[in-house]
Amino acid sequence: MTKPTSPVTPNTWSFLRDPMITPTGFREYDARWKYPDEINLPGMTALGLGLGTQMQRRGIAPVIAVGNDYRDYSLSIKQALIIGLMQAGIQVKDIGPALSPMAYFAQFHLDVPAVAMVTASHNPNGWTGVKMGFERPLTHGPDEMNELRDIVLNGEGETRPGGSYEFVDGVKEAYLDDLVGDFKMSRPLKVVCATGNGTAAAFAPELFARMGVEVVPSHCELDYTFPHYNPNPEAMEMLHDMSASVKASGADMALGFDGDGDRCGVVDDEGEEIFADKVGVIMARDLSKLYPNATFVADVKSTGLFASDPELQKNGVTADYWKTGHSHMKRRVKQIGALAGFEKSGHYFLAEPIGRGYDCGMRVAVEICKLMERNPDMSMSDLRKALPKTWSTPTMSPYCADTEKYQVLERLVQKLVAKHEAGEHVAGRAIKDVVTVNGARVILDNGSWGLVRASSNTPNLVVVCESSDSDAEMRAIFNDIDAVIRTEPLVGDYDQTI
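Every chain's residues receive numbers from 1 upward, in the order its sequence appears when written. Totals for whole chains, interfaces and linings use all residues, but because this is a predicted model, local features are given only for residues with pLDDT of at least 70 and pairs of side-chain atoms are given and counted only at 80 or more. Heavy atoms from the whole structure form the basis of all side-chain values; hydrogens and water molecules are not counted.

Draft legend 1. Focus on the overall build of the protein chain. In terms of regular secondary structure, the protein chain is built from 15 helices and 21 strands. Across its three principal directions, the C-alpha atoms of the protein chain cover 60 × 60 × 40 Å. Categorising residues by exposure relies on relative accessible area from a 1.4 Å probe, with only protein chains included: less than 20% of the type maximum marks a residue as buried, more than 50% marks it as exposed, and the intermediate range marks it as partly exposed. Evaluated residue by residue, the protein chain yields a buried proportion of 61% over its 498 residues. Contact criterion: two residues are considered in contact whenever any of their non-hydrogen atoms come within 4.5 Å of each other. Long-range contacts, defined as pairs at least 24 residues apart, comprise 69% of the intrachain contacts of the protein chain with a sequence gap of at least 6. Counting only carbon and sulfur atoms, one obtains 50% of the accessible surface of the protein chain, whose full area is about 18000 Å². Strands are runs of DSSP state E lasting at least two residues, helices are runs of H or I lasting at least four, and both sets are numbered from the N terminus onward. What sets the accessible areas is the Shrake-Rupley method with a 1.4 Å probe; for residues, cover comes only from the shown protein chains.

Encoded structure:
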């Protein structure tokens, strides 16, 4: 295999012939590049050959399920990837256009060991990437990604005979059957279904209809130009639009899905946007009645309520705070036998007997409908108001280049730890602890906190703050954390702030 070159230069002779890959696209748990600025089609073939070689080296049966999201360039990228996989002697089962969780489902449904899903998830058009995994329901973590990167960039891909291609029909139908089964709502439920014109538009309205839910469609026409907004239920733009749809239609809630359908965002009947970590607490309260003494994993960006909520404590819940990132969270849920994992970004990991442990926005939608069925006298706003009140920021992402962000974060962590050790205050309060499992989560003496970490899949840092006391304290925490961040000149503007 030819060693891929970097930089990538479109509109050159070699661009159409030689593999070109920017090394920064190999991230903690996803491979993600701007196309064609950071990878070309021969580069994608080199990635496929590398992935197939990784499977062969690990002694994994040479069969893989492959899908693609609904972007105009995803099909050609998938085909380039498939050529590389076949060169490596892999039997490819192409499931066609899909959601990421449909591809994960295909591993079980087709009983194949590996998956590769071509998607840029919620990133804007111009991005592409691959989510992949060998040990269902897990996806590649840092160790597997580093191994794959070295195989690809060092030109270690090995061609073998035995590769083949088969298009497999019917996986979408089997996936929907698996999600809904024979469940039907008995209480009336009217739901705004928001897909931002992304791939979930081909799934979610049908899913709700099958459960007997009245659907209010919001941008449910497939359109890979994303004419209204980028499908990302963590972005306030999408959440505000969902809120407006609820108010206009009198719906019981809005459920919104990201570009590849592995995340779900929630707006209640009053048009209040409930961040996914709080939805997680609502679900954990409900599930812990059915499964007492359950363990739930929450990512470090999530509310402190998983540990402090009296209802969860009463039901014997154990809370485990872990590294942000779908791959880290899936692995942790499986490793400690948790019932579910919740991530502030809207990834939910519902394990047996509820789900299969991978993140699936459609599964979350089904389980929220079942939760409403089990609480027939409650609205979603009632469930929200029943939680202890906290004030939290959205996820805010200041720019920081991929090549710089981890070194910048390291310095920021040191500065925040030094503040703690020097007895300095944040928002006028003493610092109780600085948890450094994933960036720095600065915990104050009243349980309020502020977090800074590096984004795993975009050139950004990530900042989240929560106060158990007031909106003013939340803002003060953000201002004090941001003041430390601003000591680093390599950090740029935020994508959104409070």
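Once you've had a look at it, read on.
Draft legend 2. How the structure looks around the nonpolar core. Among the nonpolar cores identified, the biggest contains 72 residues, and Phe208, Leu255, Phe257 and Met362 are the most heavily contacted of them. Of all the elements, helix α12 (residues 361-374) adds the most residues to this core, at eight residues. Among residues more than four places away in sequence, those in contact with leucine 255 are Val191, Val192, Cys193, Ala194, Phe208, Met242, Cys264, Gly265, Val266, Ala365 and Ile368. By convention a nonpolar core is built from buried Ala, Val, Leu, Ile, Met, Phe, Trp, Tyr and Cys residues, the set being connected through side-chain atoms within 4.5 Å.

Draft legend 3. Representation of the environment of phenylalanine 167. Tracing the sequence through the fold places phenylalanine 167 in strand β6 (residues 164-167). Each C-alpha atom of the pair phenylalanine 167 and alanine 65 lies 9.8 Å from the other, and the pair is 102 residues apart in sequence. Other than its neighbours up to four places away in sequence, phenylalanine 167 contacts Asp94, Ile95 and Gly96.

Draft legend 4. How the structure looks around the UniProt feature "domain: Alpha-D-phosphohexomutase C-terminal" (unreviewed entry) in the protein chain. UniProt positions are given in the numbering used here, feature names are shortened, and annotations may be inferred rather than shown by experiment. Under the UniProt annotation, "domain: Alpha-D-phosphohexomutase C-terminal" (unreviewed entry) lies at residues 429-482. Secondary structure content for residues 429-482 is 22% helix and 46% strand, while the C-alpha to C-alpha distance between its ends is 16 Å.

Draft legend 5. Up close: helix α5 (residues 171-180). For α5, the full list of buried residues reads Val171, Ala174, Tyr175, Leu176, Leu179 and Val180. Elements in contact with the buried residues of α5: β3 (91-97), α3 (100-109), α6 (204-210) and α12. A positive phi of about 60 degrees marks glycine 181, the residue just after α5.

Draft legend 6. Geometry of the environment of alanine 351. Looking at the element boundaries, alanine 351 is found in the loop between β15 (348-350) and α12. Taking the C-alpha atoms as reference points, alanine 351 and valine 130, 221 residues apart in sequence, are found 23 Å from one another. Ignoring sequence-local partners within four residues, the contact set of alanine 351 consists of Val333, Ala338, Leu339 and Gly357.

Draft legend 7. Inspection of the UniProt feature "domain: Alpha-D-phosphohexomutase alpha/beta/alpha" (unreviewed entry) in the protein chain at higher detail. Here the UniProt feature "domain: Alpha-D-phosphohexomutase alpha/beta/alpha" (unreviewed entry) sits at residues 25-154, 174-271 and 277-389. End C-alpha atoms of residues 25-154 are separated by 15 Å, and the span's content is 41% helix alongside 22% strand.

Draft legend 8. Layout of the pattern of salt bridges. Only one rule defines a salt bridge in this text: a Lys or Arg side-chain nitrogen within 4 Å of an Asp or Glu carboxyl oxygen. Per the stated rule, a full pass over the model turns up 38 salt bridges. Here aspartate 402 and arginine 27 are joined by a salt bridge, their closest N and O atoms 3.0 Å apart. Of the two residues, aspartate 402 is situated in the loop between β16 (391-392) and α14 (405-421) and arginine 27 in the segment before β1 (31-34); the sequence distance between them amounts to 375 residues. Each member of the pair aspartate 402 and arginine 27 is classed as buried.

Draft legend 9. Geometry of the sheet that holds strand β12 (residues 295-299). Strand pairing is defined by DSSP finding a minimum of two bridges between the two strands. Read across the sheet, four strands follow the order β13-β12-β14-β15 without closing on themselves; strand pairing throughout is mixed. At either margin of the open sheet sits one strand with a lone partner, and together these are β13 (318-322) and β15. Ignoring strand direction, the axes of neighbouring strands in this sheet form an average angle of 20 degrees. Where strand β14 (residues 340-342) lies against β15, three bridges are found, and the strand directions are antiparallel. Note on β15: the bridge partner recorded for phenylalanine 342 is tyrosine 348. The convention used is that axes are lines fitted to C-alpha atoms, helices contributing only their stretch in contact, and that angles between N-to-C directions extend from 0 to 180 degrees.

Draft legend 10. Highlighting the sheet that holds strand β7 (residues 190-194). Ordered in space as β8-β7-β9-β10-β11, the five strands form an open sheet in which the pairing is mixed. If you trace the sheet from one side to the other, it starts and ends with β8 (214-218) and β11 (273-274), each paired once. Sheet strands touched by helix α7 (residues 236-249): β7, β8, β9 (253-257), β10 (264-268) and β11. Its angle to β10, the strand with the most contacts, is close to 40 degrees. The strands touched by α12 are β9 and β10; relative to β9, the strand with the most contacts, the crossing angle is about 165 degrees.

Draft legend 11. Region of interest: unusual backbone geometry. Here arginine 136 and proline 137 are connected by a cis peptide whose omega angle stands at 5 degrees. Looking at the element boundaries, proline 137 is found in the loop between β5 (127-133) and α4 (142-153). In this structure, the amide linkage connecting glutamate 352 to the following residue, proline 353, adopts the cis form with an omega of 5 degrees. Structurally, proline 353 is set in the loop between β15 and α12. Positive phi outside glycine occurs at histidine 219, with the angle close to 55 degrees. Its identity as a non-glycine residue notwithstanding, alanine 427 has a phi of 55 degrees, on the positive side. When you line up the elements, alanine 427 lands in the loop between β17 (425-426) and β18 (429-435).

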